[in-house]
Amino acid sequence: YYYQASKATNKTSLASAALFQSGFLSYFVQDYPGALSKFNEYMAKYPGSKTVSDVLWYSAWIQYLQKNFKTAEENFSSILAAKEKKPRLWTEHKE
C-alpha cells in the first residue's frame, strides 16, 4: 500500500516517505530484490532527502545479505565517502 500511496500523491514529502516505507517493508519481509528496486527509485527521485543515508545503508546491507560482497563493499565505501563529504546527512549532532 505504501508503494501505491507514493504514486498517488502529488506532495513530495508524503510520496518520499511512502516510497521509503515501501522499500523498508520489502526489506523487513526479506523481499530484497523488491526493496532494492524501491530504494533505487527513491534515490533517483529524492537524492537530496534527509533519509538518503538510511536508503544507502539498507541498499548496501541488502547486497551483503545477498552475498554480493563486491557490490556491498563498493556501496559501503560510497557511504563512507558521502559521510566525509556531507556529515550532516549522517548525524543529527550540531556543533
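See the structure above.
What you see is a predicted model, and the numbers here were worked out from it, not measured in a lab.

Caption draft 1: Representation of the pattern of salt bridges within the structure. Scanning the model with the defined rule gives 2 salt bridges in all. The residue Lys 45 makes a salt bridge to Glu 41 at a minimum N-O spacing of 3.0 Å. Placement of both Lys 45 and Glu 41 in helix 3 (residues 32–45) is noted, with a separation of 4 residues, approximately one turn of the helix. Taking relative accessible area as the criterion, Lys 45 reaches 43% and is therefore assigned partly exposed.

Caption draft 2: Representation of the side chain of Ser 49 within the structure. By secondary structure assignment, the location of Ser 49 is in the loop between helix 3 and helix 4 (52–65). A polar side-chain atom of Ser 49 sits 2.6 Å from a polar atom in the side chain of Tyr 42.

Caption draft 3: Highlighting the packing of helix 3 against helix 4. Interhelical geometry of helix 3 versus helix 4 gives an angle of 150 degrees and a closest axis separation of 10 Å. In terms of axis orientation, helix 3 runs roughly antiparallel to helix 4. The interaxial crossing formed by helix 3 with helix 4 has left-handed handedness. Where helix 3 approaches helix 4, its residues Tyr 32, Ala 35, Leu 36, Phe 39, Tyr 42 and Met 43 are matched on the opposing element by Val 52, Val 55, Leu 56, Tyr 58, Ser 59, Ile 62, Gln 63 and Leu 65. Class assignment of the residues belonging to the contact of helix 3 with helix 4 gives a composition of 12 nonpolar, 2 polar and no charged.

Caption draft 4: Spotlight on helix 3. Taking 1.5 Å per residue, 14 residues should reach 20 Å; helix 3 reaches 20 Å between its end C-alpha atoms and fits that length. Taken residue by residue, helix 3 has Tyr 32, Gly 34, Ala 35, Leu 36, Lys 38, Phe 39, Glu 41 and Tyr 42 as its buried positions. You can read the cap of helix 3 off the contacts: a side-chain oxygen lies 3.1 Å from the backbone nitrogen of Gly 34, and it is on Asp 31.

Caption draft 5: The arrangement of the packing of aromatic side chains in detail. One pass over the full model with this rule turns up 13 aromatic pairs. Centre to centre, the rings of Tyr 27 and Tyr 58 are 4.9 Å apart; their planes meet at 55 degrees, and the pair counts as tilted. Residue Tyr 27 is located in helix 2 (residues 12–28), and its partner Tyr 58 is located in helix 4; the two are separated by 31 residues in the primary sequence. According to the relative accessible area criterion, Tyr 27 is buried, its value standing at 18%. Grouped by ring-pair contacts, the aromatic residues Phe 20, Phe 24, Tyr 27, Phe 28, Tyr 32, Phe 39, Tyr 42, Tyr 46 and Tyr 58 constitute a single cluster.

Cut-off values and rules
- Residues numbered from 1 in each chain as written.
- Predicted model: local features only at pLDDT ≥ 70, side-chain atom pairs only at ≥ 80, totals over all residues.
- Heavy atoms only, no water.
- Salt bridge = Lys/Arg side-chain N within 4 Å of Asp/Glu carboxyl O.
- Helix = DSSP H or I, 4+ residues; strand = E, 2+ residues; numbered from the N terminus.
- Buried < 20%, exposed > 50% of the residue type's maximum accessible area, 1.4 Å probe, protein only.
- Polar contact = N/O pair within 3.5 Å; in protein donor to acceptor, adjacent residues only side chain to side chain.
- Axes fitted to C-alpha atoms, helices over the stretch in contact; angles between N-to-C directions.
- Parallel < 35°, antiparallel > 145°, perpendicular 65-115°, else oblique.
- Left-handed = near helix turned anticlockwise from the far one by under 90°.
- Contact = heavy atoms within 4.5 Å.
- Nonpolar A, V, L, I, M, F, W, Y, C, P; charged D, E, K, R; others polar.
- Expected span 1.5 Å × (residues − 1).
- Phe/Tyr/Trp six-rings, centres within 6.5 Å; stacked < 30°, edge-to-face > 60°.

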